[in-house]
Structure formats: structure tokens, C-alpha cells
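A closer look at the structure
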Amino acid sequence: MTTTPFEAPEAPVTPTSAAALPPMNRCIEMPRFELGERLTPEQVEFLDTFGFIRFKSFLSRAEVGKLVEEVESIDARLVDEGRTVINGVPLIIGKRKDGRAFVQRMCFSSLFGERLHAFLQDPRFKAILEIAGPGYRIGERERDGLVINHYRREEGSSYKRLGWHTDSLRDLFYFEMPRRYLNVGFYLDDSPIEKGGVRLIPFSHKQGLWPMLTRKAHFMDTDADPAEYALVAEAGDLTIHDGRIWHRVAEASATGDASQRRVMYVPLMEGPEKLKDENSPTPVYFRLRRFARF
């Protein structure tokens, strides 16, 4: 992919002190991995061992800035149109301090923007699909499509945190057995520890079905775990975590604009295509969302 000159949409974050991070961050050293045409043996081993990995500077800050422009344009369009559901999947709508509405969980985003669609064509995703397993593809029109989560801690925000859960358990709601798959995140904003962010329990992707079901109360439990790892990142970084791993999204200690954290999640699918459209029903787990306090 051709990069454009560096034009930072925001200043790089100040490095987080080790003392501010969970103990597991001081036990596990994350190398400065970069993603090429395929994952190296060291990168595959790190992902298989811990259940997650981070790749630095997947895109430049200038390229991130272009994506952010399109995301904000789509956000405004959906709000103006009064959209609350796309292809059967509800949007999460919040309000800023001044009362303006904004989308905090946007699904099927790449169907509304050329730049987002082009992002999913990056040839480096083939390297991720290769280790995901035979027959995996990017599902722009399946499940929830390209999801963009927009976390903010302020009055009116509907999406400040997310309780402990495993992604693979969602398969049960589609009458399928939980499987291994990879959840790929791309950061549109810097995400230091002050913004909360993803917390994972290393090695928990190796658990069986019973602990996947019972280790924590799915989405209801939001408490910190002594064994968790804080996955911090900068705008332009790409992360992968195994769908079977226990993880949550911690609430920011910062507030307002300083708490803003936007992450895109790339959908990887296998098996028969199950495309969604405007006539698709709402999955059951979204109807249970209000009980999970988000």
C-alpha cells in the first residue's frame, strides 16, 4: 500500500509508566512486531502462546486521518437519517456533552465508505487469513460486518466499557459450536492506559467449553482481574486476539475528548456465506444487551 506524507491527526501519546500497568504487562514483553506479507514464526508463536498480538504502524497517521474523516462523515449521515439498525444489527447511539448524537457502535461500516472498503482489501490481511485457518474470508456483509467502536467517558455516553466475554461463545446464538477465530482490531486513536481499553487474560484461549461458559458472568462482570493484560496501542496499530480468550474493555480514567477511543474490528468468517441485508432479523444476544449494562 502506498503511504502519504506524515500528517499526525493527534500527537503521539506519552509512554505509560510500567507502574501504571497491570502486573501481567510486566511479565509479558510485547516485541515491536510489524506485519508483512505473512506472519513470521516468532509472531505465530506469540499469538498461539498468549492469545493476542499487536502490530505497530499498520498504517501511517496520515492514512489513519483519512479513515477518520470518512468514519466521522458516515457517523453524521447515520445520525441525520435517524438510523438505529443496519441489516438487523442495532447501532449504539450516545450523546455528547452539548447534546449532539453520535454513533458509538457502528456496524457494516465499510458498506458506507469507499476508504473503509479499500482498507479491507489491504493484501496484508491475507497473512492473517492464512493463520486463521483454511477457507477464512473477510465478511463485509456477514455477522456485524466491519464494526467501529467509539468509547467515551462523559455524560450522555452509552458506551463507556464492556464486561468480560469471549467472542467465540457468540457462535451458540447462531446454533453453531464455539470455534477458534481471530478478532482483528485497528486503532483510529491512541489508546494509552488512561483511556481504558482492552484487557485480556493471557492463555485463556486454551480453555475448554465449560470454563468458556462459566469462568465469568458474560458482560455483567466488569471488575479487573489480577491476571489481566492491558493491550495499549497507538493510532495506526493493528491487533489480533483469539476469539476464545476472555477479555473486556475497561472504562477510561480520563473524561471527555481525552477519553475518546475508536477501534475498527475486521470480520473474519469461514463456512457457507450468510449474507445480511435490511430484512435480516436482530440476533438474540443484542436483545439481551440491556442486561449487560451497555
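The sections below set out a description of the structure shown in this document. Every chain is numbered independently, its residues counted from 1 as its sequence is written. Only residues with pLDDT of 70 or above have their local features reported here, since the model is predicted, and side-chain atom pairs are shown and tallied only from 80 upward, although totals for entire chains, interfaces and linings are computed over all residues. Side-chain measures here rest on the full set of heavy atoms in the structure, leaving out hydrogens and waters.

**Considering the overall build of the chain**
Working definition: helices are DSSP H or I runs of at least four residues, strands are E runs of at least two. Numbering for both runs from the N terminus. A tally of regular secondary structure across the chain gives 7 helices and 15 strands. For the chain, buried positions account for 56% of its 294 residues. Any pair of residues with heavy atoms lying within 4.5 Å of one another is described as a contacting pair. Across the chain, every contact between residues at least 6 apart in sequence was considered, and the portion connecting residues at least 24 apart equals 82%. The Shrake-Rupley method, run with a 1.4 Å probe sphere, supplies the accessible areas, and residue values consider only the shown protein chains as cover. Accessible surface for the chain amounts to roughly 13700 Å². Of this, 54% is attributable to carbon and sulfur atoms. For the exposure calls, accessible area comes from a 1.4 Å probe over protein chains only, and a residue counts as buried if that area is under 20% of its type's maximum, exposed if over 50%, partly exposed in between.

**A short note on the pairing of strand β4 (residues 92-95)**
Burial of β4 is one-sided: the residues Ile 92 and Gly 94 facing one way are buried, the residues Ile 93 and Lys 95 facing the other way are not. Should DSSP find at least two bridges between two strands, the strands are regarded as paired. Bridge count for β4 against strand β5 (residues 101-106) is 4 bridges, and the pairing is antiparallel. The partner of Lys 95 across the bridge, within β5, is Ala 101. Taking the residues between adjacent antiparallel strands as the criterion, β4 and β5 are bridged by 5 residues, where Gly 99 takes a positive phi near 95 degrees.

**Re the sheet that holds strand β7 (residues 147-151)**
Across the sheet, which stays open at both edges, the 7 strands sit in the order β1-β12-β9-β14-β7-β5-β4 with antiparallel pairing between neighbours. Every other strand in the sheet has two partners, leaving β1 (52-55) and β4 as the edge strands with one partner each. Taken pair by pair, the neighbouring strands of this sheet meet at an average axis angle of 30 degrees, ignoring direction. Here β7 runs beside strand β14 (residues 261-266); their pairing, made up of 5 bridges, is antiparallel. If you follow Ile 148 over to β14, its bridge partner there is Met 264. Helix α3 (residues 61-81) rests against β5, β7, β9 (182-187) and β14 of the sheet, and its axis sits at about 115 degrees to β5. A fitted line through C-alpha atoms represents every axis, and for helices the fit uses only the stretch in contact; the resulting angles, taken between N-to-C directions, go from 0 to 180 degrees. Helix-sheet contacts for helix α5 (residues 125-132) involve β9, β12 (238-242) and β14, and the interaxial angle to β9 is about 155 degrees.

**Focus on the sheet that holds strand β11 (residues 229-230)**
One open sheet holds the 4 strands; their spatial order is β8-β13-β10-β11, and the pairing between them is antiparallel. Only two strands of the sheet have a single neighbouring strand rather than two, namely β8 (162-165) and β11. The pairing of β8 with strand β13 (residues 247-250) spans 2 bridges and is classified as antiparallel. Paired with Leu 162 across the two strands is Val 249, which belongs to β13.

**Here's the deal with the environment of Thr 84**
Checked against the element boundaries, Thr 84 lands in the loop between α3 and β2 (85-86). A C-alpha to C-alpha distance of 9.2 Å links Thr 84 and Val 103, two positions 19 residues apart in sequence. Excluding residues within four positions of it along the chain, Thr 84 makes contact with Val 89, Pro 90 and Leu 91.

**Comments concerning unusual backbone geometry**
Non-glycine residue Asn 87 carries a positive phi angle of around 50 degrees. Classification of Asn 87 by relative accessible area gives buried; the value is 5%. Positive phi, normally seen in glycine, also occurs at Phe 108, with a value near 50 degrees. Here Phe 108 lies in the loop between β5 and α4 (114-119).

**Thoughts on the pattern of salt bridges**
Every case where a carboxyl oxygen of Asp or Glu lies within 4 Å of a side-chain nitrogen of Lys or Arg is listed as a salt bridge. One pass over the structure, following the stated rule, counts 22 salt bridges. Glu 69 serves as the salt-bridge partner of Arg 115, at 3.3 Å between the closest nitrogen and oxygen. With Arg 115 in helix α4 and Glu 69 in helix α3, the pair connects residues that are 46 residues apart, well separated along the chain. Residue class for Arg 115 comes out partly exposed when judged on its relative accessible area of 37%.

**Details of α3**
By this rule, a helix spans an expected 1.5 Å times one less than how many residues it contains. The first and last C-alpha atoms of α3 sit 30 Å apart over 21 residues, in line with the 30 Å expected at 1.5 Å per residue. Those residues of α3 that are buried lie in contact with β2, β5, α4, β7, β9 and β14. Note on α3: the residue one or two positions beyond its end, Gly 82, has a positive phi of about 70 degrees.

**Observations regarding the pairing of β12**
Most of β12 sits out of view: 5 of its 5 residues are buried. Inspection of the sheet shows β1 paired to β12 by 4 bridges, in the antiparallel sense. Note on β12: the bridge partner recorded for Ile 53 is Ile 240. One ladder, built from 5 bridges, connects β9 with β12; its direction is antiparallel. The partner of Phe 186 across the bridge, within β12, is Leu 238.

**Structural notes on the packing of aromatic side chains**
Each Phe, Tyr or Trp ring, with Trp reduced to its six-membered ring, pairs with another whose centre is within 6.5 Å; inter-plane angles below 30 degrees give stacked pairs, above 60 give edge-to-face pairs, and intermediate values give tilted ones. Tallied over the entire structure, the rule returns 13 aromatic pairs. Relative to Phe 52, the ring of Phe 50 has its centre 6.4 Å away and its plane inclined at 40 degrees; by these criteria the two rings are tilted. Centroid distance Phe 58 to Phe 119: 6.1 Å. Interplanar angle 75 degrees. Geometry classified as edge-to-face. With a gap of 61 residues between them, Phe 58 in the loop between β1 and α3 and Phe 119 in helix α4 connect regions that are remote in the sequence. Under the relative-accessibility criterion, Phe 58 is labelled buried at 3%. Accessibility expressed as a relative area gives 3% for Phe 119, which makes it buried. Following the ring pairs from residue to residue traces out a cluster consisting of Phe 33, Phe 46, Phe 50, Phe 52, Phe 55, Phe 203 and Tyr 229. Positioned above the aromatic ring of Phe 102, the side-chain terminus of Arg 96 is 4.5 Å from the ring centre. It is Arg 124 that lies over the ring of Phe 58; its NZ or CZ is 3.8 Å from the centre. We call a charge positioned over a ring when the NZ of a Lys or the CZ of an Arg lies within 6 Å of the ring centre and within 35 degrees of the ring normal.

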